[in-house]
Structures are given as C-alpha cells and as structure tokens.
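# Descriptive analysis of the structure
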Amino acid sequence: MGFLDRVSDIFGAEERGEKVPSQLRIESSDFADIAIDHMAGRRNVAYYEPCQDYSGYRMFGGKATIAISDGCSSAEEAEAAAKLSVEFSVKYMQDVDWSNLTDNALIDDFIDSLQQHLRNSGKEYEELSATLVTVSFNRNTNDYIIVSIGDGLVFSYDQNYSSNLIVSPFNRCGDTSRTCFGNDIDVKQNIQIVKGNILTDGYFGFAICSDGAMVLDKNREYGNDALKSAAFAVKNRSRTFIENMVSEIQSQKTHDDVAIGIMLTTPNREVNATTSIEEDERNSDDEFNEDNSFDIDELVLAMTNVRIPAQYGALIVTNLYESGGLSFEELIKQGLCIKGSILRTMIPLVKCGLVEYKDGKFIYKDRTEV
C-alpha cells in the first residue's frame, strides 16, 4: 500500500472492503529523492468512481521534475485531463531550458503547448479541465521552477525538513468556487510562476499537493509533522513509514481525491547560480538593505517583461491601501509575497503607477489626486 491508498469510510466503502491500488513510486539519484502518489477519496470509492487526481515524475540528465493534477469533478474527462496534464508537464520541464526563459515567454510557451497537447488527445477539449502544479530542479545550475495553475499547494523544506507554504491556491478573483484550469481561455492571467536557486533560497526540497490535502496547510502543526516524517521516509526509502501518512490525512476528515509529490534536492556546490535573463530579478531582494541602496527606477526598466496575475496584484494593492504601506518584512509576514521574489512581485505594480516605494515601504499611489 502507498501512503495515499488506504481508505477509511464515510459512505460504507470500508464495509464493502473497497481498496485502492497503490500508486506510490519512489526513486533516488545522486541529486534528488522523489516520491509521488495519488489516491481516490472516500467519496469516489463509495460511489465506485475513479480517482480524478494524478501524479508523475521524470528524473534524468541532471534534472528532476514532479507534478500533480486535480481533474475537475464536473468535467466528463476529469480523469484523463489530470493524467494528460501531468504527463505533459514532466516532459516539458525536462526538455525545455526554462532557466533562460523570461516569465512571459515561459507562460506563453507552457500554456500554448499544454493546451495543444490537450487538443491533440482526441478527447473533448472543453471537458479536459484540471489544475496543475509542477516543480522542476536543475542540478547543473541549482535552479528550480514552480508552475501552479489553480488550487494546489507547494511547500518548501529547510535543512531540517521542516516545511513552509510558499505557493498558495490561486483562483479567479480570489473566489474559491471558480478554480482556474489549464484549458481555460484566461489561464495565462491566473498562472503562478516562481523561479529561484536552492542554495540562494535555502531550500532542501519541495512537497506539492492537490486541494484534497489542504489540511497540511490548515493544520500547520499536523502538516509540518506529516511532511517532515514523509521527507525522512523518502530519504530512507521506507515505504512502510510513508504508508502511515494516509491514516493521518484521513483522520483529518479528507473526503476528496489526493495527489502528493515530494522531491528532496541535493545541490551541486561546485557551481554557482545560472547567469540567466532573470538572475538580477531573482537576486534583487538579497541586495536590499536598510539604507535603501537600490534604485527603484532602474529596476522598473530592468524588469520590463515581468508580470503577475491581475487578481494577485489587486489583492496586494488592497492591502497596501488599507494598511497605509508595507515594508519588505511586512509583505512576507502577511503572506502577500514570498521571500526572494518581493521586487519581482512589486515592480509590475510600480511600473503601472499603482504603487510607489517610499521611506522603506511600498505604498498605494492614489492616481485620482491632483
């Protein structure tokens, strides 16, 4: 049994002896340790429905990629959509040199290629709705990338394998009932992209999961313990220990399908970060200090191709308006920005005239004032 394949009962599935086949896969190399699994929720098991979540990975040539997807339950091809999305994502991330693509170029190419892949499947395109989360790591440069569409979650691991949520669910207009999917016409405006370097950011791995495992974030004490235990189990290839994770998740009343991927990374300490198009953007937060030595106008010019989802920008602007302004530390503390990517997030808002940087804080700029 895998760590997401044992099922407790709310609709009588346990009494019927229904069991879900294990999808657990574990693989190790000299630069990454990976475990992935997906499991049908108790509701699906009770009604003899297939799992509509899917997980997958690829690892070769110094690159490792994991991905999970959650098919939309109201779509007729939900199961196929999740599988197609994951299979596309792990292949794309392994084949493409994403370190040297700007965010805009990556978004355009990734989404265009994903949607073409779905259209070529022979399935009804409008019924191929699924969320998608993928993380890829390049051992040759120590760079990583996260791509998230919809309501999945991404956690980072520190050197002690404690976890921290670094990518939250992001749906249209902040409305959790309107999940964004890979086949949506406006998905390019609602996708989240995070790039970085594991040595610079202090990351020793990542855990990704579908919204069925939301309890890992809602109950942080439980989630941190569960993810830490899973990380040590993956490192030691302890299948039996990993299997216990499902009982803990089920004890937290998870009814939905669940997909989880864990990747523990081993950095190549003989190389520095890749000198890529966005290197200055990625490292710009690290150059910030209390004497405000960076030139905000120069950064606006340097980051002309950077953009963020419109709804994400609106959320930040609203918080700046209500608070009167927020510093770097306050943006992180309130969960509005991720450490290491604050300037990359805020510069587009400065560029469009909604925000200005003044006296160590980003503040809302009222353009109606004369």
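Residues numbered from 1 in each chain as written. Predicted model: local features only at pLDDT ≥ 70, side-chain atom pairs only at ≥ 80, totals over all residues. Heavy atoms only, no water.

### Observations concerning the overall build of the protein chain
- Within the protein chain, the regular secondary structure consists of 12 helices and 13 strands.
- Across the 370 residues that make up the protein chain, the buried fraction comes to 56%.
- Long-range contacts, defined here as pairs at least 24 residues apart, represent 72% of the contacts in the protein chain between residues at least 6 apart.
- Accessible surface, the protein chain: about 16,300 Å² in total, of which carbon and sulfur atoms supply 45%. (Helix = DSSP H or I, 4+ residues; strand = E, 2+ residues; numbered from the N terminus. Buried < 20%, exposed > 50% of the residue type's maximum accessible area, 1.4 Å probe, protein only. Contact = heavy atoms within 4.5 Å. Areas by Shrake-Rupley, 256 points an atom, 1.4 Å probe, with all protein chains shown as cover.)

### Thoughts on helix α12 (residues 342-351)
- Counting buried residues along α12, nine of its 10 residues qualify, which places the element largely inside the surrounding structure.
- Among the residues of α12, Ile-342, Leu-343, Arg-344, Thr-345, Met-346, Ile-347, Pro-348, Leu-349 and Val-350 are the ones counted as buried.
- Directly after α12, the chain includes Gly-353, whose backbone phi takes a positive value near 85 degrees.

### Focus on the packing of helix α2 (residues 78-95) against helix α3 (residues 103-119)
- Running from N to C, α2 and α3 cross one another at 135 degrees; their axes reach a closest spacing of 10 Å. Between α2 and α3, the angle is such that the two are oblique. The two elements α2 and α3 cross, and the hand of that crossing is right-handed. Residues Leu-84, Ser-85, Phe-88, Ser-89, Tyr-92 and Met-93 of α2 pack against Leu-106, Asp-109, Phe-110, Ser-113, Leu-114, His-117 and Leu-118 of α3.
- Looking at side-chain class alone, the contact of α2 with α3 contains eight nonpolar, four polar and one charged residues. (Axes fitted to C-alpha atoms, helices over the stretch in contact; angles between N-to-C directions. Parallel < 35°, antiparallel > 145°, perpendicular 65-115°, else oblique. Left-handed = near helix turned anticlockwise from the far one by under 90°. Nonpolar A, V, L, I, M, F, W, Y, C, P; charged D, E, K, R; others polar.)

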